[in-house]
Amino acid sequence: TRDRVAPNAWVVVAVLAVTLTIASGARFLFGVVLKPISEEFGWNRAQLTGAVMLAMIVLSIFQPLVGLLVDRIGAKKILVGGIALLGFSLIPFSFATSLWQIYVLYGVLISFGLAAASPVLTTSIVGRWFTHNRGLAMSVATSGSALGQLLIVPVATWIMLATSWQTTYHVLAVALLAVALPLSAIFLRDAPRAAVDAGEAPEPEQGPTLRDAIAHPAFWILAFGFVVCGWTMAFPNTHFLAYADDMGMSLLHAANTISVTAIFSILGSVLLGLAADRFRRTSVLALTYALRGLAFLLLLLLPAGNLLYVYGLVLGISWTATTPLTAAIAADRYGPKHLGFIFGSLFTFMNLGFGFGSLLGGVIFEMTGGYQLALIVNVALGV
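Thresholds applied
The written sequence of each chain sets the order in which its residues are numbered from 1. Per-residue local features of the predicted model are confined to residues with pLDDT of at least 70, and side-chain atom pairs are confined, for both listing and counting, to 80 or more; whole-chain, interface and lining totals are unaffected and use all residues. In computing side-chain values, all of the structure's heavy atoms are included and hydrogens and water are not. Think of it this way: any DSSP run of H or I at least four residues long counts as a helix, any run of E at least two long counts as a strand, and we number them from the N terminus. Each radius of gyration reported is based on C-alpha atoms, and the globular scaling rule is 2.2 Å times the count of residues to the power 0.38. Burial classification: accessible surface area is computed with a 1.4 Å probe over protein chains only, and a residue below 20% of its type maximum counts as buried, one above 50% as exposed, and the rest as partly exposed. Contacts are residue-level and defined by heavy atoms, with any inter-residue pair within 4.5 Å sufficient. Every accessible area reported is derived by Shrake-Rupley at a probe size of 1.4 Å, with residue values counting cover from the shown protein chains alone. When charges are tallied, Lys and Arg are placed among the positive residues and Asp and Glu among the negative ones, while His and the ends of the chain are skipped. Each charge is placed at NZ for Lys, CZ for Arg, CG for Asp and CD for Glu. Buriedness for pockets is judged along seven lines, at least five of which must meet protein on both sides within 12 Å for an open set on the 1 Å grid over protein atoms alone, while cavities are sets there where a 1.4 Å probe fits but cannot get out, and lining residues have an atom within 4 Å of a point. Grid points are joined across faces, edges and corners, and a volume is the space filled by probe spheres set on the points. Residues are grouped as follows: Ala, Val, Leu, Ile, Met, Phe, Trp, Tyr, Cys and Pro are nonpolar; Asp, Glu, Lys and Arg are charged; every other residue, Gly included, is polar. We define a salt bridge as a side-chain nitrogen of Lys or Arg found within 4 Å of a carboxyl oxygen belonging to Asp or Glu. Scored between 0 and 100, pLDDT is the confidence that the predictor attaches to each residue.

Undergrad: Describe the overall build of the chain, listing the residues and the values that go with them.
TA: Helix and strand content of the chain: 18 helices and 0 strands. On C-alpha atoms alone, the chain measures out to a radius of gyration of 20 Å, which is about the 21 Å that the 2.2 N^0.38 rule sets for 383 residues. Judged by the C-alpha coordinates and their principal axes, the chain covers about 60 × 40 × 35 Å. Each of the 383 residues in the chain was classed as buried or not, and the buried ones make up 58%. At a minimum sequence separation of 6, the contacts of the chain that also span at least 24 residues come to 86%. Of the roughly 14,500 Å² of accessible surface on the chain, a fraction of 70% belongs to carbon and sulfur atoms. Averaging the coordinates of the 19 positive side-chain charges in the chain and doing the same for the 15 negative ones gives two points 7 Å apart.

See the structure below:
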């Protein structure tokens, strides 16, 4: 009976993509409001990015727990609860006037919601629905993060310039509670055990445990890759708008550069996902990291202005591809039974990388008066 009422697997992918599009805004908005908040309250960027570091620590602690809960009670309940918490948490955050409130609300409460509405949950669902088309399905489902960047950053920047940074959070909270929450509650379904992908029999419910996985070097190689992925995502997410403003670019021009990144991240994610279904997935992942390092080299060398769109293009091709490629490799290697817990544990390394990259970017700026050293580190890590 369950099989007859279950939706088509690609419908589930589409629902996940749309839901993550809206949910990802809670992370991307911090980079939009970093400089305005700093100027309004007098907190420096190192102090503010400390809240990002705290958020990533909290995410790292709760991400494996989310994966474990997904394995045991299903992904839908976790996602619906996470979206609701995220939406309601943004409202008090918009009224914060003290630094400790930023740390508690963004660093802790909002992080709980982000932990639930994350690629860990997406990987668990898609990994159970798909077998032979897994690379492409992972790429499409996780493209919601890129779409969120494409849609939310320019719109949020426009709203902030027209009104205030607080209003941007009010609008996002409404979008989460009025669109993402009912969409995921009504249309999302956990994959039934007999789910098939285009008539293919599903993989048996078996595979190594987390203890088995961490005993093999492959786990730690993928984990290090996620550290690099998170670290190199921190600068575009947290510091790029402030960097562009420091360089004399308008905020709207900088937001357009981010939109270029997002547009090509969708294209890059789909193309690299297709390549991962046809070629050796680890080789495709290695190419993705090489492009990531090249992007920051371009940001170092190119002058501020329209040429920065080249940086946005190269960064975009590699932007969202790392997560679905790593997820597909993990699903292939570890099987569906403990995939949520194993991939949730892997994903903690991305969160830690993002937190350290955000914090040290702020520290480097305060110590040197610029971001050049931070960009050099990003180049080296990508390579």
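Undergrad: Residues and numbers for the layout of surface pockets, please.
TA: What the second largest pocket holds in volume is close to 300 Å³. What lines the second largest pocket is a set of 15 residues, and nearest its centre among them are Ile221, Leu222, Gly225, Leu285 and Tyr289. Taken together, the elements giving at least two residues each to the lining of the second largest pocket come down to helix H12 (217–246), helix H14 (281–301), helix H16 (322–334) and helix H18 (372–382). Top element by residues in the lining of the second largest pocket is H12. It accounts for 6 residues. Here the residues of the lining of the second largest pocket are counted per class, giving 11 nonpolar, 3 polar and 1 charged.

Undergrad: Kindly report on the side chain of Thr326, identifying the contributing residues and their values.
TA: Within the fold, Thr326 resides in helix H16. Once you skip the residues sitting within four places of it in the chain, Thr326 turns out to touch Leu222, Phe226, Leu285 and Phe343.

Undergrad: An account of the pattern of salt bridges is requested, with residue identities and associated values reported.
TA: In this structure the tally under the stated criterion is 3 salt bridges. Taking the shortest distance from any N to any O, the salt bridge between Lys35 and Asp246 comes out at 3.1 Å. In this pair, Lys35 is assigned in helix H3 (residues 25–41) and Asp246 in helix H12, connecting sequence segments 211 residues apart. With its nearest N and O atoms 2.0 Å apart, the salt bridge here joins Arg281 to Asp332. Placement of Arg281 in helix H14 and of Asp332 in helix H16 is noted, with a sequence separation of 51 residues between them.

Undergrad: Give a description of the environment of Leu299 that names residues and reports values.
TA: Here Leu299 is to be found in helix H14. The contact partners of Leu299, leaving out residues within four places of it in the chain, are Phe235, Phe240, Tyr243, Leu308, Tyr311 and Leu375.

Undergrad: Which residues make up the confidence of the model for the chain, and what are the values?
TA: Here the chain averages 81 in pLDDT, and 91% of its residues register 70 or above. Within the chain, helix H1 (residues 2–5) has the poorest average pLDDT of any element, 37, and H18 the best, 93. In the model, residues 1–7 has pLDDT below 50 throughout and makes 11 contacts with residues more than four positions away in sequence or in other chains. Below a pLDDT of 50 lies the segment residues 194–203, which in the model reaches 23 contacts outside its immediate sequence neighbourhood of four places, other chains included.

Undergrad: Hey, could you go over empty space enclosed by the protein for me, with residue numbers and the actual values?
TA: The final tally for this structure, using the stated rule, is 4 cavities of 30 Å³ or more. The volume enclosed by the second largest cavity comes to roughly 80 Å³. In this structure, the second largest cavity is lined by Trp231, Ala234, Phe235, His239, Gly357, Leu360, Gly361, Ile364, Ala374, Val377 and Asn378. Only H12, helix H17 (339–368) and H18 provide two or more residues apiece to the lining of the second largest cavity. Of the residues contributing to the lining of the second largest cavity, the split by class is 7 nonpolar, 4 polar and no charged.

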